[in-house]
Amino acid sequence: MKKLILVVVSLLVMTAVNAQERKFSPEKFDAEMEEYISQKAHLDQQEAAKLFPMFKEMHKKQRSIFQRMRSLGHTKPADEAGCAEAIKEMDKCNLELKQLEQNYHQKMLQVVPASKLYDVIKAETHFYRKKMKGMQNRHANGKPKDKHP
């Protein structure tokens with residue numbers, strides 16, 4: 001009986017540890033992204049210290065627009081007029097996103113050279129793709145994929 005209890009407790013502990021490893025941490029994600037971008041774009045500490053607060057501010061504003069877009073896409077409107085209005089609102093959100101990006105890119109060009117900002121933009125895109133691919137593999141296999149260096 002004691003052995004059975006020990007096995008059950010061990011399984012519960014392992015399950016809890018595994019669940020904590022899979023839990024999303026925005027802070028960890030941001031730190032990984034900043035490290036990845038800094039390396040790929042060859043940012044020094046001063047450039048990173050000036051750039052990443054702007055980056056975070058831009059992402060915060062983008063998230064609010066993405067939230068509006070998600071709310072528009074949850075349910076299909078019942079009629080043609082409603083669908084047309086939803087399309088207009090989605091287009092408006094997309095334009096706002098591009099305008100926001102453009103404005104922040106201009107601000108970022110004040111703190112880093114264009115060649116580095118170009119590398120930052122490319123690195124961010126690559127980082128997100130890499131993370132999404134990792135999530136897809138994790139869900140397809142039912143377990144986390146090994147980390148790559």
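Residues numbered from 1 in each chain as written. Predicted model: local features only at pLDDT ≥ 70, side-chain atom pairs only at ≥ 80, totals over all residues. Heavy atoms only, no water.

### Let's talk about the packing of helix 3 (residues 45-73) against helix 4 (residues 80-108)
Close contact between helix 3 and helix 4 brings their axes to 10 Å; oriented N to C, the two are set at 180°. By the angle class used here, helix 3 and helix 4 are roughly antiparallel. Seen from helix 3, the contacting residues are Leu51, Met54, Phe55, Glu57, Met58, Lys61, Gln62, Ile65, Phe66, Arg68, Met69 and Leu72; seen from helix 4, they are Ala86, Glu89, Met90, Cys93, Asn94, Glu96, Leu97, Leu100, Glu101, Tyr104, Lys107 and Met108. Looking at the contact of helix 3 with helix 4, its residues break down into 15 nonpolar, two polar and seven charged. (Axes fitted to C-alpha atoms, helices over the stretch in contact; angles between N-to-C directions. Helix = DSSP H or I, 4+ residues; strand = E, 2+ residues; numbered from the N terminus. Parallel < 35°, antiparallel > 145°, perpendicular 65-115°, else oblique. Contact = heavy atoms within 4.5 Å. Nonpolar A, V, L, I, M, F, W, Y, C, P; charged D, E, K, R; others polar.)

### Digging into the pattern of salt bridges
For the structure shown, the criterion picks out six salt bridges. Measuring nitrogen to oxygen at the nearest pair gives 3.3 Å for the salt bridge that ties Glu34 to Lys56. Linking Glu34 in helix 2 (residues 26-41) with Lys56 in helix 3, this pair joins segments that are 22 residues apart in sequence. Here Glu101 ties to Lys98 by a salt bridge, and the two come within 3.0 Å at their closest N and O atoms. Taken as a pair, Glu101 and Lys98 lie in helix 4 at a separation of three residues, close to a single helical turn. Given a relative accessible area of 24%, Glu101 falls into the partly exposed group. (Salt bridge = Lys/Arg side-chain N within 4 Å of Asp/Glu carboxyl O. Buried < 20%, exposed > 50% of the residue type's maximum accessible area, 1.4 Å probe, protein only.)

### Quick notes on the nonpolar core
Ranked by internal contacts, the top residues of the largest apolar core, which has 24 residues, are Ile37, Leu43, Phe55, Met108 and Val120. Contributions of two or more residues to this core are made by helix 2, helix 3, helix 4 and helix 5 (114-141). In terms of residue count, helix 3 provides more of this core than any other element does, eight residues in total. When residues no more than four places from it in sequence are discounted, the contact partners of Leu43 are Ile37, Ser38, Ala48, Leu51, Phe52, Val112, Lys116 and Val120. (Core = buried A, V, L, I, M, F, W, Y, C linked by side-chain atoms within 4.5 Å.)

### Thoughts on the packing of aromatic side chains
How two aromatic rings sit relative to each other is set out by the distance from centre to centre and by the angle between their planes. A complete count under the given rule lists five aromatic pairs for this structure. Ring geometry for Phe127 and Tyr128: centres 6.1 Å apart, planes at 65°, overall edge-to-face. Accessibility expressed as a relative area gives 4% for Phe127, which makes it buried. Judged by its relative accessible area of 30%, Tyr128 is partly exposed. Here the aromatic cluster, defined as three or more aromatic residues joined through ring pairs, consists of Phe29, Tyr36, Phe127 and Tyr128. When the ring centre of Tyr104 is taken as reference, the NZ or CZ atom of Lys107 above it lies at 4.4 Å. (Phe/Tyr/Trp six-rings, centres within 6.5 Å; stacked < 30°, edge-to-face > 60°. Lys NZ or Arg CZ within 6 Å of the ring centre and 35° of its normal.)

### Describing unusual backbone geometry
In this structure, His42 is a non-glycine residue whose phi angle is positive, near 55°. Along the chain, the position of His42 falls in the loop between helix 2 and helix 3. The class for His42 is exposed, based on a relative accessible area of 59%.

### Describing the side chain of Glu47
Position of Glu47 relative to the elements: it lies in helix 3. Setting aside chain neighbours within four positions, we find Glu47 in contact with His42, Val111, Val112, Pro113 and Lys116.

### Observations concerning the environment of Asp44
Take Asp44: it is sitting in the loop between helix 2 and helix 3. A polar atom in the side chain of Asp44 sits 3.1 Å from the backbone nitrogen of Gln46. (Polar contact = N/O pair within 3.5 Å; in protein donor to acceptor, adjacent residues only side chain to side chain.)

### A closer look at the confidence of the model for the protein chain
In this model, the protein chain carries a mean pLDDT of 82, and residues with pLDDT of at least 70 account for 75%. When pLDDT is averaged over each element of the protein chain, helix 4 comes out on top at 94 and helix 1 (residues 2-22) at the bottom at 54. (pLDDT = per-residue confidence, 0-100.)

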